[in-house]
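Structural characterization, general
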4 protein chains.
Amino acid sequence: MNIALAGLGNMGRPMADRLLDRGFPLTVTNRTRERADPLIAKGALWANSPKEAAENAAVFATVLSDDSAVLSLLRGGGVLDALPKGAIHVSLSTISVAASKILEEEHSRRGQGYVSAPVFGRPDAVVAGRLRVLCAGDPASVDIVLPVLEALGSKVFRLGDSPPVANLVKLSGNFMIGSALEALGESFSLVQKAGVDPALFLEIINDALFRSPLYENYGNIMAEKRYEPAGFTMDLGLKDIRLVLDAAEALRVPLPLAGVIRDSLLAGLARGRHPLDWSALVLSHYDRAGIS
Amino acid sequence: MNIALAGLGNMGRPMADRLLDRGFPLTVTNRTRERADPLIAKGALWANSPKEAAENAAVFATVLSDDSAVLSLLRGGGVLDALPKGAIHVSLSTISVAASKILEEEHSRRGQGYVSAPVFGRPDAVVAGRLRVLCAGDPASVDIVLPVLEALGSKVFRLGDSPPVANLVKLSGNFMIGSALEALGESFSLVQKAGVDPALFLEIINDALFRSPLYENYGNIMAEKRYEPAGFTMDLGLKDIRLVLDAAEALRVPLPLAGVIRDSLLAGLARGRHPLDWSALVLSHYDRAGIS
Amino acid sequence: MNIALAGLGNMGRPMADRLLDRGFPLTVTNRTRERADPLIAKGALWANSPKEAAENAAVFATVLSDDSAVLSLLRGGGVLDALPKGAIHVSLSTISVAASKILEEEHSRRGQGYVSAPVFGRPDAVVAGRLRVLCAGDPASVDIVLPVLEALGSKVFRLGDSPPVANLVKLSGNFMIGSALEALGESFSLVQKAGVDPALFLEIINDALFRSPLYENYGNIMAEKRYEPAGFTMDLGLKDIRLVLDAAEALRVPLPLAGVIRDSLLAGLARGRHPLDWSALVLSHYDRAGIS
Amino acid sequence: MNIALAGLGNMGRPMADRLLDRGFPLTVTNRTRERADPLIAKGALWANSPKEAAENAAVFATVLSDDSAVLSLLRGGGVLDALPKGAIHVSLSTISVAASKILEEEHSRRGQGYVSAPVFGRPDAVVAGRLRVLCAGDPASVDIVLPVLEALGSKVFRLGDSPPVANLVKLSGNFMIGSALEALGESFSLVQKAGVDPALFLEIINDALFRSPLYENYGNIMAEKRYEPAGFTMDLGLKDIRLVLDAAEALRVPLPLAGVIRDSLLAGLARGRHPLDWSALVLSHYDRAGIS
């Protein structure tokens, strides 16, 4: 089974690495070839273009930054037309529900398979094998790509036949994180204005209530004001919250809390905080509460 | 050191039990005497009224349901005037910041100590010794009551000189829980309308993101619709969210997320859901999204 | 029919003036006597205390600033006990629904009448006879005081038997104004950041859409930054929005827009804008949008 | 000066009629020719396609429903390439700020003029000459089309050089209307649950506060439950609120009230109310407050 992987960014490269380590025959392609060198040294083949990579692929994986990157590679890059009938596109990127629907239709029209497989985890989680992989698509296609997905992370969650559903779940997960950030941001403002050290507040609520490493990590970033380097920037945070709101609108589901997060992020971006980690939305609350 | 404890409800009784087990000399009082019988059998003294209990107490602990219960026991019940100069009132109830300020002033005027010591945990946590105790008040008073507080739970967090600050932190903790419920409620609506089983969604986000027993417990109540018996009713939830909003208003801190939770709870109460667990606010989201 | 009026502030004095001009026999009382001098010169009698004023009154009108002013005058000031059986208290102040309920019970218990009659309009509207008067209470009492109310303004709206309902309608009216301010504040931020003069935007929407003097007046205050002298301060605005939210909570009605207004006012108050007109909530939006 | 007008819907037809009445030489085009017959009878020329209409036009006006109608007519319909250099496209439709930016760039690249001229008013306002016309674009182009715009309505507001600004102002105006609807919807729920007839409440606040025909009209639709036939459907309302939120996001301006309106509309659409007038968002509030 020939596997091609397009996109050797922070996520794509360690993914390719894992596939090679597990013995999958892999062709890689990327905007710049240098990022492929260590992979080629380990046995990966190089394709000069996504189109070339697609031509011989049984499974074509994309690990790209957003809707426009995926759609332009598939359309303008010629992958849609080059990919053989019966081959399967596995999209590992965090893209919108709407873009996933477009991909579903385009591939279906051409007799190609399409599995939506967004992941939870950052590059270090890929390396450590702690990635969580969602997947949805027609069961036969999912069965075929499952060994690949299992090679990428510690767990694969199957979410049924409809590919865009996996994207919705991924975005909803990011909304859940954003909600925790918003809650931390608001309560930090409140207790801080009352003279309580947010670090102590965090210790208390995580010991007494949440016992969650995610609350601990993000809360500590806020308490220690370590917004750089950003794990996930405010700009990207806003993008994902918007995608959740768009998906919810299409389904006719009001999400007032997502609207609140959106406003907190926008207020931060209005002050030029785009390069900061999205946990810096706590600063929007400090501003509003008059905490300097 | 004579300790008196007023209020033998679901929280007060196991607390009294722990104090007796640890050898503290204890006088108890309660609206109805029957609830005191097992404690008396273990060596507790009985006082016919809070006033009588207060007269000989070095430490007077209250474990009551709300502001009005505490204030009427202290004022109408005559405790304020009966408590000896130098004795210390330890308030273990979840009361408002404003009520705590009133108590601070009333005790200070009479030369009595006042330690605010709200707790995190339910009755089973008291029994299991897993209670977390906050405390704030003048350091000398806190030092005196510290052995009592340490006997009540597994950890005591000192929050400085100002008693109402402990109440603010307790209420902020409940606001954090409410925020998690709101986030779960909104995302459950979203994924459910897209055809995803909320139980599976919960499994994914708790495995991939939160790893929090609190998310697991509340999420499972929602996924399994086990809103009764309520661990904490919607009515009580609304009361605490209102107290947070009131405290934040006094400090001039906007809390938009608290406002969102408030509206979700009100929508549930408008449909007669007051006896349900406050995690039933997910139903408000199902209603709004047209999920039956 | 002896009429007494307590409270000769900015609203009470011109009201008393109108009643004298229309030939009503009037006794006035106030914290400081000087404010009564011009009224006494026109024939008003002076009472040294609210209690004294109440003793001979058939109708006892109060024009005070808030709940606590009204309740302390009625209770601590002894009016409740001094007012004859069958006499009627007419409350013209903007007070809470809850306080109005307390007054209803207290008067009913003593065989006194109680008519809730909050008004729309500022002191200049009283002088110009453009005041609008709401009223609610038992019909017999309302019939008796109607000539007095009609003397005070241009229109009297009867709202049924239950006095607190008039307070709810008055507060809801203020909520409607606050909503218009919030909408103007948000849209001014938006168009201003796009380079459009808010004054021109205001001219357009009021010409094309609203044709409302209220939008024109408040919009011009915002566009010209004339927040002082305040017609109605941010502090008072916040108080009334809180009273609306409290009344809505008691009735189990979510009011998300009231929550948004509350947060805008709080953000302004967090920056020390309490003496400004409440239309200065537009500044909270400029702050958040990064407009200097 | 040859004028072409594409789009003979409810707005376009009476606009064409006014231009003919005022003696402008007019070519019309539309998906179906029948709608053009009365205009042709009055002297209008017919073009078989937008492209044909564009070829000889000095001014090319579009009166279409949304972004996609305008963009597909301009691009797929070939208008962009057919319109002579120096000719001016006048866009009278309510489209997004983003679409207006695209048009600005496309026309500029081809040496064509582009004037953005969205309008306030419904078909009856066109007929009665009460339309308000916004306009923005390079001053030379605006000067040329000004007589046409003045012929269409009672007032033309010039908003500077940048065409998308006129779209932003138009959308912000619709946001202001939506805000009034939201405020009416929330307060109607509140007073109705307290037993007050919304019609009476509306009479009071419009008499005492707003004095606005817009509040009167929309309030009466709500009070009388006359949501059909819709003047402007919930679907269209949601579309415009989304366009405002999108434009505000691009400018980094939080609009919490727009988010609240969005949720009220979504809740209505979740219950199948898309064909109703957007003032039917009051029903979302009745639902939430448990009013049947």
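Residues numbered from 1 in each chain as written. Chains lettered and ligands numbered in written order. Predicted model: local features only at pLDDT ≥ 70, side-chain atom pairs only at ≥ 80, totals over all residues.

1. As for the domain arrangement of chain A
All names here are of chain A. Here the domain parsing of chain A yields domain 1 (3-161) and domain 2 (167-288). Computed from C-alpha atoms alone, the centre-to-centre distance between domain 1 and domain 2 is 30 Å. Listed by partner, the interface residues are 12 residues for domain 1 and 10 residues for domain 2. Residue contributions to the side of domain 1 that touches domain 2 peak at 3 residues, all from helix α6 (residues 97-109). A per-class count over the side of domain 1 that touches domain 2 returns 7 nonpolar, 4 polar and 1 charged. (Domains from an automatic or database assignment. Contact = placed C-beta atoms within 7 Å. Helix = DSSP H or I, 4+ residues; strand = E, 2+ residues; numbered from the N terminus. Nonpolar A, V, L, I, M, F, W, Y, C, P; charged D, E, K, R; others polar.)

2. Quick look at the relation of the copies chain A and chain B
Overlaying chain A on chain B yields an RMSD of 0.0 Å, the required transformation being a rotation through 180° with an accompanying axial translation of 0.0 Å. Such values leave the two copies arranged in the relation of a two-fold axis. Taking the C-alpha atom as reference, chain A places S212 of chain A closest to the rotation axis, 2.4 Å from it. Mapped onto chain B, 100% of the interface residues of chain A are again interface residues, and the two copies thus contact each other with one and the same surface. (Least-squares fit on C-alpha atoms with pLDDT ≥ 70 in both.)

3. Thoughts on the environment of S179 of chain A
Relative to the elements of secondary structure, S179 of chain A occurs in helix α9 (residues 163-193). Sequence separation of S179 of chain A and S264 of chain A is 85 residues, and the distance between their C-alpha atoms is 11 Å. Leaving out residues up to four positions away in the same chain, S179 of chain A has contacts with L257 and I261 of chain A together with S179 and A183 of chain B.

4. Regarding the pairing of strand β6 (residues 113-116) of chain D
Residues and elements named next belong to chain D. Of the two faces of β6, the one carrying G113 and V115 and the one carrying Y114 and S116 are both buried. Two elements, strand β5 (residues 88-91) and β6, share 4 bridges in a ladder whose sense is parallel. Counterpart to V90 in the pairing with β6 is V115. Taken together, β5, helix α6 (residues 97-109) and β6 constitute a β-α-β crossover, and its handedness is right-handed. (Buried ≥ 20, exposed ≤ 12 C-beta atoms within 10 Å, placed from the backbone. Pairing = 2+ DSSP bridges. Right-handed = clockwise from strand over helix to strand, strands pointing away.)

5. Points about helix α4 (residues 67-74) of chain A
Residues and elements named next belong to chain A. Within α4 the residues assigned to the buried category are V70, L73 and L74. Buried residues in α4, looked at end-on, bunch into an arc of 95°, giving them a common side. Opposite its buried face, α4 presents the exposed residues S68 and S72, each directed more than 90 degrees away. Next to the buried residues of α4 lie β1 (3-6), α3 (50-55), β4 (59-62), α5 (79-82), β5 (88-91) and α6. (Arc of directions from axis to C-beta.)

6. Quick look at the sheet that holds β4 of chain A
Residues and elements named next belong to chain A. Taken in spatial order, the 6 strands of this open sheet run β3-β2-β1-β4-β5-β6, and their pairing is parallel. Whereas interior strands pair on both sides, the edge strands pair on one side only; in this sheet they are β3 (45-46) and β6 (113-116). As paired strands, β1 and strand β2 (residues 26-29) are joined by 4 bridges and run parallel to one another. The residue of β2 that forms the bridge with L5 is V28. Running over the sheet, α6 touches β5 and β6 and is turned about 160° from β6. The strands touched by helix α8 (residues 139-152) are β1, β4, β5 and β6; relative to β5, the strand with the most contacts, the crossing angle is about 55°. (Axes fitted to C-alpha atoms, helices over the stretch in contact; angles between N-to-C directions.)

7. Digging into the interface of chain A and chain B
Each partner contributes residues to the interface: chain A has 50 residues there, and chain B has 50 residues. Those elements giving two or more residues to the side of chain A that touches chain B turn out to be β9 (155-158), α9, α10 (198-210), α11 (213-224) and α13 (256-269) of chain A. The element that contributes the greatest number of residues to the side of chain A that touches chain B is α9 of chain A, accounting for 17 residues. In the side of chain A that touches chain B, the residues fall into 32 nonpolar, 9 polar and 9 charged.

8. Quick word on the environment of I291 of chain D
Residue and element names in this part refer to chain D. The residue I291 is located in the segment after α14 (281-288) in this model. The class for I291 is partly exposed, based on 15 C-beta atoms found within 10 Å. When the C-alpha atoms of I291 and K193 are compared, they prove to be 7.0 Å apart, with 98 residues separating the residues in sequence. For I291, the residues in contact, after removing those within four places along its chain, are S189, Q192, K193 and Y286.

9. Remarks on the nonpolar core
Grouped together as the largest cluster of nonpolar side chains are 456 residues, with contacts concentrated most on C135 of chain A, C135 of chain B, C135 of chain C together with C135 of chain D. Setting aside chain neighbours within four positions, we find C135 of chain D in contact with V115, S116, A117, V142, L149, V156, R158, L159 and A166 of chain D. (Core = buried A, V, L, I, M, F, W, Y, C linked by C-beta atoms within 7 Å.)

10. With respect to the interface of chain A and chain D
Of the residues lining the interface, 12 residues belong to chain A; the matching set on chain D comes to 12 residues. Every element with two or more residues in the side of chain A that touches chain D is listed here: α12 (234-250) and α13 of chain A. Sorting elements by how many residues they give to the side of chain A that touches chain D places α13 of chain A first, with 6 residues.

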